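Residue-level listing of the chains:
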Amino acid sequence: MAEIVVVSDQQSAGELSAQIMVDLIERTPDAVLGLATGSTPLALYRALAARVADIGLDVSRVRGFALDEYVGLPEGHPESYRSVITREVVEPLGLTPALIHVPNGSLDGIEHAGPDYEEALTAAGGVDVQVLGIGTDGHIGFNEPGSSFASATRVKTLTEQTRRDNARFFASEADVPMHCITQGLGTILRARHLLLLAFGEGKADAVAGAVEGPVSASNPGSAIQLHPHATVIVDEAAASRLQNLAYYRYAYANKPAWQTL
Ligand code: PGA
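Remember, predicted model here, so these are calculated numbers, not experimental data.

1. Quick word on the nonpolar core
Then comes step 1: Ile 224, Val 234 and Leu 242 are the most contacted members of the largest nonpolar core, which has 72 residues in total.
Then comes step 2: Grouped together as the second largest cluster of nonpolar side chains are ten residues, Tyr 81, Ala 167, Phe 170 and Val 176 included.

Structure, rendered in C-alpha coordinates:
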(Lines give C-alpha, C1' and ligand atoms only; values in the text may rest on other atoms or scores of the structure.)
Protein backbone atom coordinates (compact mmCIF):
# COMPACT_ATOMS: atom_id res chain seq x y z
CA MET A 1 0.00 0.00 0.00
CA ALA A 2 1.11 3.52 -0.65
CA GLU A 3 1.98 5.54 2.40
CA ILE A 4 -0.60 8.31 2.77
CA VAL A 5 0.46 11.49 4.54
CA VAL A 6 -2.19 14.13 5.18
CA VAL A 7 -0.83 17.63 5.74
CA SER A 8 -2.52 20.89 6.58
CA ASP A 9 -1.50 22.83 3.48
CA GLN A 10 0.55 22.88 0.31
CA GLN A 11 3.49 24.54 2.02
CA SER A 12 3.83 21.65 4.50
CA ALA A 13 3.56 19.18 1.62
CA GLY A 14 6.27 21.10 -0.21
CA GLU A 15 8.59 21.07 2.79
CA LEU A 16 8.05 17.36 3.46
CA SER A 17 8.68 16.39 -0.14
CA ALA A 18 11.65 18.76 -0.41
CA GLN A 19 13.20 16.90 2.54
CA ILE A 20 12.87 13.61 0.64
CA MET A 21 14.75 15.20 -2.27
CA VAL A 22 17.43 16.75 -0.06
CA ASP A 23 18.07 13.39 1.66
CA LEU A 24 18.32 11.72 -1.74
CA ILE A 25 20.73 14.30 -3.19
CA GLU A 26 22.91 14.22 -0.08
CA ARG A 27 23.17 10.42 -0.47
CA THR A 28 23.43 10.48 -4.27
CA PRO A 29 24.77 13.76 -5.68
CA ASP A 30 23.97 12.66 -9.25
CA ALA A 31 20.46 11.48 -8.37
CA VAL A 32 17.88 11.20 -11.13
CA LEU A 33 14.73 13.18 -10.36
CA GLY A 34 11.49 12.50 -12.19
CA LEU A 35 9.95 15.94 -12.72
CA ALA A 36 6.25 16.68 -13.04
CA THR A 37 4.71 19.91 -14.29
CA GLY A 38 1.33 21.49 -13.48
CA SER A 39 0.34 23.53 -10.45
CA THR A 40 0.70 20.76 -7.86
CA PRO A 41 4.49 20.30 -7.67
CA LEU A 42 5.20 24.04 -7.43
CA ALA A 43 5.09 23.92 -3.62
CA LEU A 44 7.78 21.24 -3.70
CA TYR A 45 10.00 23.09 -6.16
CA ARG A 46 9.73 26.32 -4.14
CA ALA A 47 10.54 24.57 -0.87
CA LEU A 48 13.40 22.65 -2.47
CA ALA A 49 14.92 25.78 -3.99
CA ALA A 50 14.83 27.44 -0.56
CA ARG A 51 16.42 24.42 1.14
CA VAL A 52 19.14 24.11 -1.52
CA ALA A 53 20.06 27.76 -1.00
CA ASP A 54 19.86 27.52 2.82
CA ILE A 55 22.12 24.54 3.23
CA GLY A 56 24.30 25.21 0.18
CA LEU A 57 23.49 21.80 -1.31
CA ASP A 58 25.52 21.02 -4.43
CA VAL A 59 22.95 20.14 -7.11
CA SER A 60 25.27 20.57 -10.09
CA ARG A 61 25.31 16.83 -10.85
CA VAL A 62 21.59 16.19 -10.30
CA ARG A 63 19.88 14.78 -13.37
CA GLY A 64 16.23 15.20 -14.29
CA PHE A 65 13.65 13.61 -16.58
CA ALA A 66 10.32 15.28 -17.21
CA LEU A 67 7.22 13.11 -17.29
CA ASP A 68 5.71 14.50 -20.43
CA GLU A 69 5.56 17.20 -23.10
CA TYR A 70 2.99 18.63 -25.49
CA VAL A 71 3.36 17.66 -29.11
CA GLY A 72 3.72 20.32 -31.77
CA LEU A 73 4.24 23.52 -29.76
CA PRO A 74 6.84 25.80 -31.34
CA GLU A 75 10.28 25.60 -29.74
CA GLY A 76 10.52 28.01 -26.80
CA HIS A 77 6.72 28.27 -26.35
CA PRO A 78 6.27 29.42 -22.73
CA GLU A 79 3.83 26.58 -21.96
CA SER A 80 5.93 23.81 -23.44
CA TYR A 81 7.02 21.61 -20.58
CA ARG A 82 10.65 22.22 -21.55
CA SER A 83 10.06 25.93 -20.84
CA VAL A 84 8.03 25.23 -17.70
CA ILE A 85 10.66 22.88 -16.26
CA THR A 86 13.39 25.42 -17.06
CA ARG A 87 11.46 28.26 -15.42
CA GLU A 88 10.04 26.42 -12.40
CA VAL A 89 12.76 23.91 -11.60
CA VAL A 90 16.09 24.27 -13.40
CA GLU A 91 16.60 28.00 -12.83
CA PRO A 92 15.32 28.31 -9.24
CA LEU A 93 17.27 25.25 -8.09
CA GLY A 94 20.37 25.99 -10.15
CA LEU A 95 20.38 22.60 -11.87
CA THR A 96 22.68 21.99 -14.81
CA PRO A 97 20.50 22.45 -17.94
CA ALA A 98 22.38 19.85 -19.99
CA LEU A 99 21.44 17.17 -17.43
CA ILE A 100 17.69 17.81 -17.72
CA HIS A 101 15.73 15.77 -20.25
CA VAL A 102 12.25 16.43 -21.60
CA PRO A 103 10.54 14.20 -24.18
CA ASN A 104 10.91 15.68 -27.64
CA GLY A 105 7.48 16.93 -28.64
CA SER A 106 8.61 18.44 -31.91
CA LEU A 107 6.77 16.99 -34.94
CA ASP A 108 10.08 16.38 -36.62
CA GLY A 109 11.13 12.94 -35.39
CA ILE A 110 8.07 12.36 -33.22
CA GLU A 111 7.85 8.72 -34.41
CA HIS A 112 11.02 7.79 -32.53
CA ALA A 113 10.85 10.33 -29.68
CA GLY A 114 9.28 7.74 -27.31
CA PRO A 115 11.86 4.99 -27.79
CA ASP A 116 14.65 7.63 -27.68
CA TYR A 117 13.42 8.83 -24.29
CA GLU A 118 13.18 5.29 -22.92
CA GLU A 119 16.75 4.72 -24.06
CA ALA A 120 17.97 7.88 -22.30
CA LEU A 121 16.15 6.87 -19.10
CA THR A 122 17.70 3.42 -19.17
CA ALA A 123 21.16 4.87 -19.87
CA ALA A 124 20.76 7.15 -16.83
CA GLY A 125 20.02 4.11 -14.64
CA GLY A 126 16.35 4.97 -14.08
CA VAL A 127 14.59 7.50 -11.90
CA ASP A 128 15.28 7.66 -8.14
CA VAL A 129 12.25 9.70 -7.08
CA GLN A 130 9.37 10.34 -9.47
CA VAL A 131 7.20 13.33 -8.60
CA LEU A 132 3.59 12.91 -9.72
CA GLY A 133 0.49 15.05 -9.77
CA ILE A 134 -2.83 13.51 -10.65
CA GLY A 135 -5.41 14.74 -13.14
CA THR A 136 -9.07 15.10 -12.23
CA ASP A 137 -9.66 12.15 -14.59
CA GLY A 138 -7.06 10.08 -12.73
CA HIS A 139 -4.21 10.49 -15.21
CA ILE A 140 -0.61 10.40 -14.06
CA GLY A 141 1.88 11.83 -16.48
CA PHE A 142 -0.47 12.22 -19.42
CA ASN A 143 -1.57 8.58 -19.23
CA GLU A 144 -5.26 9.05 -19.77
CA PRO A 145 -7.84 6.42 -18.72
CA GLY A 146 -7.31 3.20 -20.65
CA SER A 147 -3.51 3.49 -20.69
CA SER A 148 -1.79 0.13 -20.35
CA PHE A 149 0.05 -0.49 -17.09
CA ALA A 150 2.87 -1.79 -19.29
CA SER A 151 3.01 1.33 -21.48
CA ALA A 152 6.29 3.04 -22.41
CA THR A 153 6.91 6.65 -23.46
CA ARG A 154 4.66 7.35 -26.42
CA VAL A 155 2.31 9.83 -28.05
CA LYS A 156 -1.18 10.05 -26.55
CA THR A 157 -4.34 12.04 -27.32
CA LEU A 158 -5.39 14.25 -24.41
CA THR A 159 -8.94 13.82 -23.15
CA GLU A 160 -11.31 16.73 -23.55
CA GLN A 161 -11.35 17.07 -19.76
CA THR A 162 -7.56 17.40 -19.57
CA ARG A 163 -7.60 19.99 -22.36
CA ARG A 164 -10.28 21.90 -20.43
CA ASP A 165 -8.28 21.59 -17.17
CA ASN A 166 -5.13 22.90 -18.87
CA ALA A 167 -6.83 25.69 -20.82
CA ARG A 168 -5.92 28.07 -17.96
CA PHE A 169 -2.32 28.03 -19.18
CA PHE A 170 -3.27 28.98 -22.75
CA ALA A 171 -5.24 31.78 -24.42
CA SER A 172 -8.14 29.38 -25.04
CA GLU A 173 -9.02 25.70 -24.85
CA ALA A 174 -8.57 25.44 -28.61
CA ASP A 175 -4.90 26.39 -28.12
CA VAL A 176 -4.22 23.40 -25.82
CA PRO A 177 -2.44 20.81 -27.97
CA MET A 178 -4.44 17.69 -28.85
CA HIS A 179 -1.46 15.37 -28.45
CA CYS A 180 1.28 14.84 -25.93
CA ILE A 181 4.22 12.54 -25.42
CA THR A 182 4.31 10.97 -21.99
CA GLN A 183 6.25 8.44 -20.00
CA GLY A 184 4.11 5.32 -19.84
CA LEU A 185 2.67 3.76 -16.71
CA GLY A 186 5.24 0.99 -17.17
CA THR A 187 7.98 3.66 -17.27
CA ILE A 188 6.66 5.38 -14.15
CA LEU A 189 6.39 2.10 -12.26
CA ARG A 190 10.11 1.49 -12.84
CA ALA A 191 11.07 4.57 -10.80
CA ARG A 192 12.46 3.53 -7.42
CA HIS A 193 10.18 5.81 -5.39
CA LEU A 194 6.90 7.46 -6.39
CA LEU A 195 5.92 10.70 -4.71
CA LEU A 196 2.37 11.69 -5.59
CA LEU A 197 1.06 15.08 -4.46
CA ALA A 198 -2.53 16.29 -4.67
CA PHE A 199 -4.33 19.29 -3.24
CA GLY A 200 -7.91 20.47 -3.13
CA GLU A 201 -11.36 19.02 -3.26
CA GLY A 202 -11.21 18.71 -7.05
CA LYS A 203 -8.64 15.93 -6.64
CA ALA A 204 -10.48 13.99 -3.89
CA ASP A 205 -12.10 11.44 -6.23
CA ALA A 206 -8.91 10.93 -8.23
CA VAL A 207 -6.90 10.36 -5.02
CA ALA A 208 -9.48 7.92 -3.60
CA GLY A 209 -9.50 6.04 -6.91
CA ALA A 210 -5.71 5.89 -7.09
CA VAL A 211 -5.18 4.79 -3.49
CA GLU A 212 -8.22 2.63 -2.81
CA GLY A 213 -10.08 2.08 -6.06
CA PRO A 214 -9.82 -1.10 -8.06
CA VAL A 215 -6.52 -1.42 -9.89
CA SER A 216 -7.64 -0.74 -13.42
CA ALA A 217 -6.34 0.78 -16.63
CA SER A 218 -9.54 2.84 -16.53
CA ASN A 219 -8.02 4.64 -13.58
CA PRO A 220 -4.33 5.20 -14.39
CA GLY A 221 -3.48 6.55 -10.93
CA SER A 222 -4.37 3.16 -9.45
CA ALA A 223 -1.09 1.90 -10.96
CA ILE A 224 0.63 3.26 -7.84
CA GLN A 225 -0.90 0.35 -5.90
CA LEU A 226 1.48 -1.92 -7.81
CA HIS A 227 4.54 0.01 -6.67
CA PRO A 228 6.52 -1.14 -3.62
CA HIS A 229 7.46 2.38 -2.51
CA ALA A 230 4.83 5.02 -3.15
CA THR A 231 4.25 8.06 -0.95
CA VAL A 232 1.09 10.11 -1.35
CA ILE A 233 1.12 13.56 0.25
CA VAL A 234 -2.27 15.27 0.26
CA ASP A 235 -4.08 18.09 1.99
CA GLU A 236 -7.30 17.51 3.96
CA ALA A 237 -9.53 18.37 0.99
CA ALA A 238 -7.80 15.97 -1.40
CA ALA A 239 -7.89 13.26 1.32
CA SER A 240 -11.57 13.76 2.07
CA ARG A 241 -12.93 10.76 0.11
CA LEU A 242 -10.46 8.18 1.39
CA GLN A 243 -12.33 5.37 3.19
CA ASN A 244 -9.40 4.34 5.38
CA LEU A 245 -8.28 7.83 6.27
CA ALA A 246 -8.30 7.18 10.03
CA TYR A 247 -5.90 4.27 9.56
CA TYR A 248 -3.52 6.30 7.37
CA ARG A 249 -3.35 9.02 9.99
CA TYR A 250 -2.83 6.42 12.73
CA ALA A 251 -0.07 4.65 10.78
CA TYR A 252 1.74 7.92 10.07
CA ALA A 253 1.42 9.11 13.69
CA ASN A 254 2.92 5.80 14.85
CA LYS A 255 5.59 5.55 12.20
CA PRO A 256 8.73 3.93 13.57
CA ALA A 257 11.43 6.55 14.04
CA TRP A 258 13.89 4.61 11.88
CA GLN A 259 11.58 4.63 8.88
CA THR A 260 11.94 7.52 6.49
CA LEU A 261 9.36 8.54 3.92
P1 PGA B 1 -2.22 20.09 -11.78
O2 PGA B 1 -2.20 18.91 -12.86
O3 PGA B 1 -1.08 19.83 -10.88
O4 PGA B 1 -2.03 21.33 -12.59
O5 PGA B 1 -3.54 20.00 -11.10
C6 PGA B 1 -2.00 17.60 -12.41
C7 PGA B 1 -2.00 16.68 -13.61
O8 PGA B 1 -2.70 16.96 -14.60
O9 PGA B 1 -1.30 15.66 -13.56
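Next comes the rest of the account.
2. Some remarks on the packing of helix 1 (residues 10-27) against helix 2 (residues 42-55)
Then comes step 1: In the contact formed by helix 1 and helix 2, the axes pass within 7 Å of each other and the chain directions differ by 50°. By the angle between their axes, helix 1 is oblique relative to helix 2. Where helix 1 crosses over helix 2, the handedness of that crossing is right-handed. Side by side, helix 1 and helix 2 meet where Gln 10, Gly 14, Glu 15, Ser 17, Ala 18, Gln 19, Met 21, Val 22 and Glu 26 of the first sit next to Ala 43, Leu 44, Ala 47, Leu 48, Arg 51 and Ile 55 of the second.

3. Comments concerning the pattern of salt bridges
Then comes step 1: Counted under the stated rule, the structure contains eight salt bridges.
Then comes step 2: A salt bridge links Arg 63 to Asp 30; its shortest N-O distance comes to 3.7 Å. Highlighted residues: Arg 63 in strand 3 (residues 63-66) and Asp 30 in the loop between helix 1 and strand 2 (32-35), separated in sequence by 33 residues.
Then comes step 3: Of the residues examined, Arg 63 reaches a relative accessible area of 22% and is grouped as partly exposed.
Then comes step 4: Among the salt bridges present, the one from Glu 118 reaches Arg 190, with a minimum N-O distance of 2.6 Å. Of this pair, Glu 118 sits in helix 4 (residues 110-123) while Arg 190 sits in the loop between helix 6 (185-189) and strand 9 (193-198), and the two are 72 residues apart along the sequence.
Then comes step 5: A relative accessible area of 12% places Glu 118 in the buried class.
Then comes step 6: Note on Arg 190: relative accessible area 52%, which makes it exposed.

Rules used throughout
- Within any chain, residue numbers begin from 1 and follow the written order of that chain's sequence.
- Given that this is a predicted model, residues contribute local features only at a pLDDT of at least 70 and side-chain atom pairs are listed and counted only at 80 or more, while totals for whole chains, interfaces and linings are drawn from all residues.
- Calculated side-chain values reflect all of the structure's heavy atoms, with hydrogen atoms and water omitted.
- Nonpolar cores are built from buried Ala, Val, Leu, Ile, Met, Phe, Trp, Tyr and Cys residues. Side-chain atoms within 4.5 Å join them into one set.
- In this scheme, a residue with accessible area under 20% of its type's maximum is buried, one over 50% is exposed, and one in between is partly exposed, where area comes from a 1.4 Å probe on protein chains only.
- Comment: axis = line fitted to C-alpha atoms, over the contacting stretch for helices; angle = value between 0 and 180 degrees taken between N-to-C directions.
- Strands here are runs of E lasting at least two residues and helices are runs of H or I lasting at least four, both read from the DSSP assignment and numbered beginning at the N terminus.
- Angular relationships are summarised with four words: roughly parallel below 35 degrees, roughly antiparallel beyond 145, roughly perpendicular across 65 to 115, and oblique for the angles in between.
- Crossing chirality is assigned from the near helix's rotation relative to the far helix, an anticlockwise turn below a right angle marking it left-handed and a clockwise turn marking it right-handed.
- Residues are treated as being in contact if the distance between any of their heavy atoms lies within 4.5 Å.
- Think of a salt bridge as a Lys or Arg side-chain nitrogen and an Asp or Glu carboxyl oxygen that are within 4 Å of each other.

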